[in-house]
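Listed below, chain by chain, are the residues.
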Amino acid sequence: MALMSDIYRVQNPKTNEIVQSFDFITDDELENVLATAHEAFGQWRELTYAERATHLHKAAQLFDSRRDELVKIIAEEMGKSIKEGDGEVDDVVQIFNYYADHGEEFGADEEIPTEQGGTAIMRKRPLGVIAGIMPWNFPYYQVARFAAPALMAGNVVVVKHAEICPRSSQVFQEIVEEAGLPKGAYTNVYASHGQMESVISDKRVQGVSLTGSERAGRAIAAQAGQALKKCVLELGGTDAYVVLDAADPKEAARTAWNKRISNVGQACTSNKRMIVMEDIYDEFVAELVAIAESYTQGDPLNPGENEYYPLSSRDAAEKLAQQLKIAVDAGATLHTGGQVEGEGAYFTPAVITGIPVGSDSYYEEYFGPVAEVYKVSSEEEAIEVANDSNYGLGGAVMSEDTERAKRVADKVVTGMIHVNIPQARGAELPFGGVKNSGIGRELGPLGMDEFVNKQRFYVAGSDSQV
């Protein structure tokens, strides 16, 4: 019998109540899914980019028109406020429209200059069935940024979503099918991890994309490597947020906090390590504490101001509380928060400082509303702390002096770095990291290049041999 945490279910994090559970797909059903997907690939790949774009535009329209339903689904599944859920639907609409508008350009043939007499072309051809393994923190957005470019390139996808997102994952399939894609071009499966291992090894499957934990990434990379399949991994992050100076330290703290509390801190690119110059550090931390203590519990379905919402699950809240306890035991100072409240997954916003450098806690990712702050005395020390991480996803450098911020940002080793903005967002901006934060890129022109065969197509000219 599956453990409760392993079954597909709607488990409202506000109450911890299991509202509905879903059966795993059978092995025979999964085989039918793969056969249907493979057949759909034969149809979908033959469409022109313009024809595919029509369907992606239709999907965008459907996501937009069904947003009220969509935001309520994820509010109950994983606790996202309907206000933030509405923003997530905006992202999905933008992503589908972006690839519909630019897919033909991104997939165009490129002539390769050659002096051999013939004509050399690099063509981008779809690979086939691509498996997607998706997380719960952005139930629609994460799927869109994998599926939209893969579909526009001519691939078809089979998606295993997080076990706590069964309704959102199924409605995503319903919308894509309603947009006119052939049956099997997009399939949601309630598969086990063991079944997904068999999917990755199946010869009809040509690649896999995972967004998830570092541990999951290592497992999927090993399986993909064993099967000689392409993989894209978007994993964790402990993004550095460097504050070099501030005319108003309290305002700088508010800006940092607004970024950290987004999605209740459950984002890979949250500013998980705030690195602050010593002359403004005390005032910065004091303001963070005041802000955290001003927040009250909120209802995801009826959001207000200065509210925090439940984490995705009770297990997630309890794990985060235990992480903070270990950090405090190691010598850190917990200024406020860090408590699990009630029967659900509410976790009081926390501010922690002084986590000992080199400790296990120092290198961990705190996936929730935890402001983790470090004091530094120079640009060089700020850079050293920023890069002293096993991860390298994103980050930001803030300063009244833009050139100073650019100089420091230039030394930060991440896949994405920002100057004087917590994070830039947009379908056109490539997303991904280095080190233990993953492999490959999503979104932007690069997102459509990940799952294509970059084929050399050579036609002989004067170099032909008779």
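Below is a short write-up of the structure.

The rules behind each value
- Residues numbered from 1 in each chain as written.
- Predicted model: local features only at pLDDT ≥ 70, side-chain atom pairs only at ≥ 80, totals over all residues.
- Heavy atoms only, no water.
- Core = buried A, V, L, I, M, F, W, Y, C linked by side-chain atoms within 4.5 Å.
- Buried < 20%, exposed > 50% of the residue type's maximum accessible area, 1.4 Å probe, protein only.
- Contact = heavy atoms within 4.5 Å.
- Pairing = 2+ DSSP bridges.
- Helix = DSSP H or I, 4+ residues; strand = E, 2+ residues; numbered from the N terminus.
- Axes fitted to C-alpha atoms, helices over the stretch in contact; angles between N-to-C directions.
- Salt bridge = Lys/Arg side-chain N within 4 Å of Asp/Glu carboxyl O.

Our focus in this paragraph is the nonpolar core. Residues Phe-96, Tyr-99, Val-157 and Phe-172 are the most contacted members of the largest nonpolar core, which totals 85 residues. With sequence-adjacent residues up to four places away left out, Val-157 is seen in contact with Ile-130, Phe-146, Ala-147, Ala-150, Leu-151, Gly-184, Ala-185, Tyr-186 and Thr-187. The next biggest cluster of nonpolar side chains, apart from the first, holds 32 residues, and it includes Ala-332, Ile-355, Val-376 and Val-408.

Spatially, the three strands line up as an open sheet ordered 3-4-24, and their pairing is antiparallel. Edge strands, defined here as strands with exactly one partner in the open sheet, are strand 3 (110-112) and strand 24 (452-459). With strand direction ignored, the average angle separating the axes of adjacent strands in the sheet is 30°. Here strand 4 (residues 119-126) pairs with strand 24 via eight bridges, running antiparallel. Opposite Ile-121, over in strand 24, you have Phe-457 as the bridge partner.

A few words on the pattern of salt bridges. According to the stated counting rule, one finds 29 salt bridges in the structure shown. Asp-299 is the partner of Lys-14 in a salt bridge, and the nearest nitrogen-oxygen pair spans 3.4 Å. Taken together, the positions of Lys-14 in the loop between strand 1 (8-12) and strand 2 (17-22) and Asp-299 in the loop between strand 12 (296-297) and strand 13 (307-308) put the pair 285 residues apart, joining distant regions of the chain. Each of Asp-64, Arg-67, Asp-86 and Asp-90 takes part in salt bridges that share partners, so that together they form one network.

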